[in-house]
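# Structural overview
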Amino acid sequence: MKESLEALERSAFSAIEEATTPKDLEGLRIKFLGRQGTIASILKEIATLPPEERPLVGQKANILKERIKSQIDERLKSLGSPLGAKAHREDTTLPGTCGATGRLHPLTQVIQEVCDVFLSLGFRVVEGPEIETEYYNFDALNIPKSHPSRDTFDTFYLDTTHLLRSQTSTVQIRVMEKEKPPLRIVAPGRVFRPDAVDASHSFMFHQVEGLCVDCDVRFSDLKGTLSLFSKQFFGPKTRTRFRPHFFPFTEPSAEVDISCILCDGKGCRLCKQKGWIEVLGAGMVHPNVFRAVKVDPSRYRGFAFGMGVERLAMLKYGVDDIRLFFENDLRFLRQF
Ligand code: DAH
C-alpha cells in the first residue's frame, strides 16, 4: 500500500508538471482528487486492511491528497491562469527590487575629496597629458640634466623625446605657459615610475599637484593652505609639520608631515613611533621655473605642492597594500 502511494505521488506530480493548460489540470484534479478519483478509491480500500495498518495509510493518503492539490494550484499559477492570479495577488506595499548601483573607485573618491577642499579655497581643477616630453617633466622644472630621476631606471621613456610623466608638476608648466598669474590650480592625474611592485610601490600611481601664483604669496600662505587641507581631509585634530627638504623646482622646499591619525602623535606602529607621518612635498616656486614660462620672478611668487593619492587613501582608510587599488577585486572595492 505504501509503495503504491509513493508510485501514485510520482505519477501525479509528473503529470501535473507536464500539463500545459488549466483544462489539463482540471482533468488531473478530477482524476486524482475527484469523488471517483484515485485517492478516493485508496481511501475506500483502507477498510480491507488489517485494523492496525488503517490509521497510518489513511493519514498518508490524506497528506498526499493535500500535496497533489497544492501542486495543481502552483502549476495553475505558473500557467498564468486567472484562477492562479486570483490566488496570488500582488502586494504593492512590498519594497521594490532595484538594479545594482555602481560606485566610484576609492582613488576617484579621494581625488574628488582633495579637489573639493581646494575648490573651496578658490583653486581650479586642470589636467595635463600623461605622455610628456623631457622639457615639461624635467627641464622647465629646473631639474638638471644630471639628476638621477632622469635615468631610465626612474622614468619610462617611450622614444628619444617622449616619456610617461613621472610627476604631475608638469601641469604647473603647461598652465603657466598659457595663462598669466594670478593662478590657483590643482592638477590630479596618473604618474608612472619603473618601480618594482610591492605593498607600497606601483609602476603607476596618482598625484594631485597644486600651484598658487600671485604678487604677494608667502610661505605662510602655503602653511595655512596645507594645514587647512590636512584638517579637512584627515579630521579637525590633525596637526601639520614642515620639514626642510630639497626639490629642484621649489626654494625653499619642505616635506610635510601630519600628526599620526592613529595615535594622535603619541607614537605607534603606523607612524613607526615617530608621531608624524609624511604626506606630501611642497615649497615656494623656484625663480628658474618662473623664468622658463616667462613669468617675472621679481614680480610674482608662488607656492606649489604635490601629494600621492594612494598614500592619502591608504592612510585614511587603513589600507596596507597599494596593489589592492588596482586588482579590481569587488570584495575590496565594495567597502568604499
Ligand atoms: N613632484 C614631486 C614628486 O613627485 C612632488 C612635489 C614636491 C610637487 C614639491 C611640488 C612640490 O609641486 O613643490 O615627488
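Up top is the structure.
## Section: the packing of helix α6 (residues 106-119) against helix α11 (residues 309-317)
Look at α6 against α11: their axes get within 9 Å of each other, and the N-to-C directions meet at 100°. One element, α6, and the other, α11, form an angle in the roughly perpendicular class. For the pair formed by α6 and α11, the contact residues are Pro 106, Leu 107, Gln 109, Val 110, Ile 111, Glu 113 and Val 114 on the first element and Val 309, Glu 310, Leu 312, Ala 313, Lys 316 and Tyr 317 on the second. For the contact of α6 with α11, the class distribution of residues is 9 nonpolar, 1 polar and 3 charged.

## A closer look at the nonpolar core
Taken as a class, soluble globular proteins show a tendency for nonpolar side chains to be buried jointly. Ranked by size, the top nonpolar core spans 44 residues in total, and within it Val 114, Phe 118, Leu 226, Phe 305, Met 307 and Leu 312 carry the most contacts. Counting only elements with at least two residues in this core, the list comes to α6, β5 (204-214), α9 (219-234), β7 (250-259), β8 (276-285), β9 (301-308), α11 and α12 (330-333). If one sorts the elements of this core by residue count, α6 sits on top with 7 residues. In this structure, Phe 118 is in contact with Phe 123, Val 186, Thr 225, Leu 226, Phe 229, Phe 305 and Met 307, ignoring residues within four places of it in sequence. Listed in part, the 25 residues of the second largest apolar core include Tyr 136, Met 176, Phe 247 and Phe 290.

## Brief notes about the site of the ligand
Near the ligand, the surroundings consist of 15 residues, among which Gln 167, Ser 169, Arg 193, Gln 207 and Glu 209 are the closest. Note that a nitrogen atom of the ligand is positioned 3.0 Å from one of the side-chain N or O atoms of Ser 169. Taking 350 Å² as the accessible area of the ligand by itself, protein coverage stands at 89%. Listing elements by their share of the shell around the ligand, those giving two or more residues are β5, β8 and β9. Its residues assigned to classes, the shell around the ligand shows 5 nonpolar, 8 polar and 2 charged.

## What about the packing of helix α3 (residues 38-45) against helix α4 (residues 54-78)?
Remark: α3 packs on α4, axes separated minimally by 10 Å, with the N-to-C direction vectors making an angle of 170°. What the angle tells us is that α3 and α4 run roughly antiparallel. Contact residues: Ile 39, Ile 42 and Leu 43 in α3; Gly 58, Ala 61, Asn 62, Leu 64, Lys 65 and Ile 68 in α4. When grouped by side-chain class, the residues that make up the contact of α3 with α4 number 6 nonpolar, 2 polar and 1 charged.

## Quick look at the pairing of strand β4 (residues 183-192)
With 8 of 10 residues buried, β4 lies mostly within the body of the structure. Direction of pairing for β4 relative to β5: antiparallel, over a ladder of 10 bridges. Opposite Val 191, over in β5, you have Phe 205 as the bridge partner.

## Regarding the packing of aromatic side chains
This model, assessed by the stated rule, comprises 12 aromatic pairs. Here Phe 233 and Phe 234 contribute two aromatic rings whose centre-to-centre distance is 4.8 Å and whose plane-to-plane angle is 85°, an arrangement assigned as edge-to-face. Like Phe 233, the residue Phe 234 is buried in the burial classification. Ring centres 5.8 Å apart and planes at 20° place the aromatic pair Phe 247 and Phe 249 in the stacked group. An identical accessibility class is assigned to Phe 247 and Phe 249; each is buried. Ring pairing ties together the aromatic residues Phe 118, Phe 123, Phe 229, Phe 233, Phe 234, Phe 303 and Phe 305, which thus form one cluster. Over the face of the ring belonging to Tyr 136 we find Arg 174, whose NZ or CZ atom lies 3.8 Å from the ring centre. Over the face of the ring belonging to Phe 233 we find Lys 316, whose NZ or CZ atom lies 4.1 Å from the ring centre.

## Considerations on the pattern of salt bridges
Inspection of every chain in the model, using the stated rule, returns 17 salt bridges. With its nearest N and O atoms 3.0 Å apart, the salt bridge here joins Glu 255 to Arg 243. Taken together, the residues span a long stretch of sequence, with Glu 255 in strand β7 and Arg 243 in strand β6 (residues 240-247) at a distance of 12 residues. For Glu 255, a relative accessible area of 13% corresponds to the buried category. Salt bridges sharing partners connect three or more residues here, namely Glu 134, Asp 139, Lys 145 and Arg 150.

## A closer look at the sheet that holds β7
Within a beta sheet, neighbouring strands are joined by backbone hydrogen bonds and run either parallel or antiparallel to one another. An order of β1-β4-β5-β9-β8-β7-β6 is seen for the 7 strands of this open sheet, with the pairing classed as mixed. Among the strands making up the open sheet, the edge pair consists of β1 (124-125) and β6. Here β1 pairs with β4 via 2 bridges, running parallel. By the bridge assignment for β4, Arg 124 is matched with Ile 185. Sitting on the sheet, helix α8 (residues 170-178) is in contact with β4, β5 and β9, with an inclination near 40° to β5.

## Remarks on the environment of Leu 315
The topology assignment puts Leu 315 in helix α11. Exposure remark for Leu 315: the relative accessible area of 10% places this residue in the buried category. If we ignore the near neighbours within four places in the chain, the residues touching Leu 315 are Phe 234, Ile 261, Leu 270, Ile 277 and Val 279.

Rules of the game
- Residues numbered from 1 in each chain as written.
- Predicted model: local features only at pLDDT ≥ 70, side-chain atom pairs only at ≥ 80, totals over all residues.
- Heavy atoms only, no water.
- Axes fitted to C-alpha atoms, helices over the stretch in contact; angles between N-to-C directions.
- Helix = DSSP H or I, 4+ residues; strand = E, 2+ residues; numbered from the N terminus.
- Parallel < 35°, antiparallel > 145°, perpendicular 65-115°, else oblique.
- Contact = heavy atoms within 4.5 Å.
- Nonpolar A, V, L, I, M, F, W, Y, C, P; charged D, E, K, R; others polar.
- Core = buried A, V, L, I, M, F, W, Y, C linked by side-chain atoms within 4.5 Å.
- Buried < 20%, exposed > 50% of the residue type's maximum accessible area, 1.4 Å probe, protein only.
- Near = heavy atom within 4 Å.
- Polar contact = N/O pair within 3.5 Å; in protein donor to acceptor, adjacent residues only side chain to side chain.
- Areas by Shrake-Rupley, 256 points an atom, 1.4 Å probe, with all protein chains shown as cover.
- Pairing = 2+ DSSP bridges.
- Phe/Tyr/Trp six-rings, centres within 6.5 Å; stacked < 30°, edge-to-face > 60°.
- Lys NZ or Arg CZ within 6 Å of the ring centre and 35° of its normal.
- Salt bridge = Lys/Arg side-chain N within 4 Å of Asp/Glu carboxyl O.

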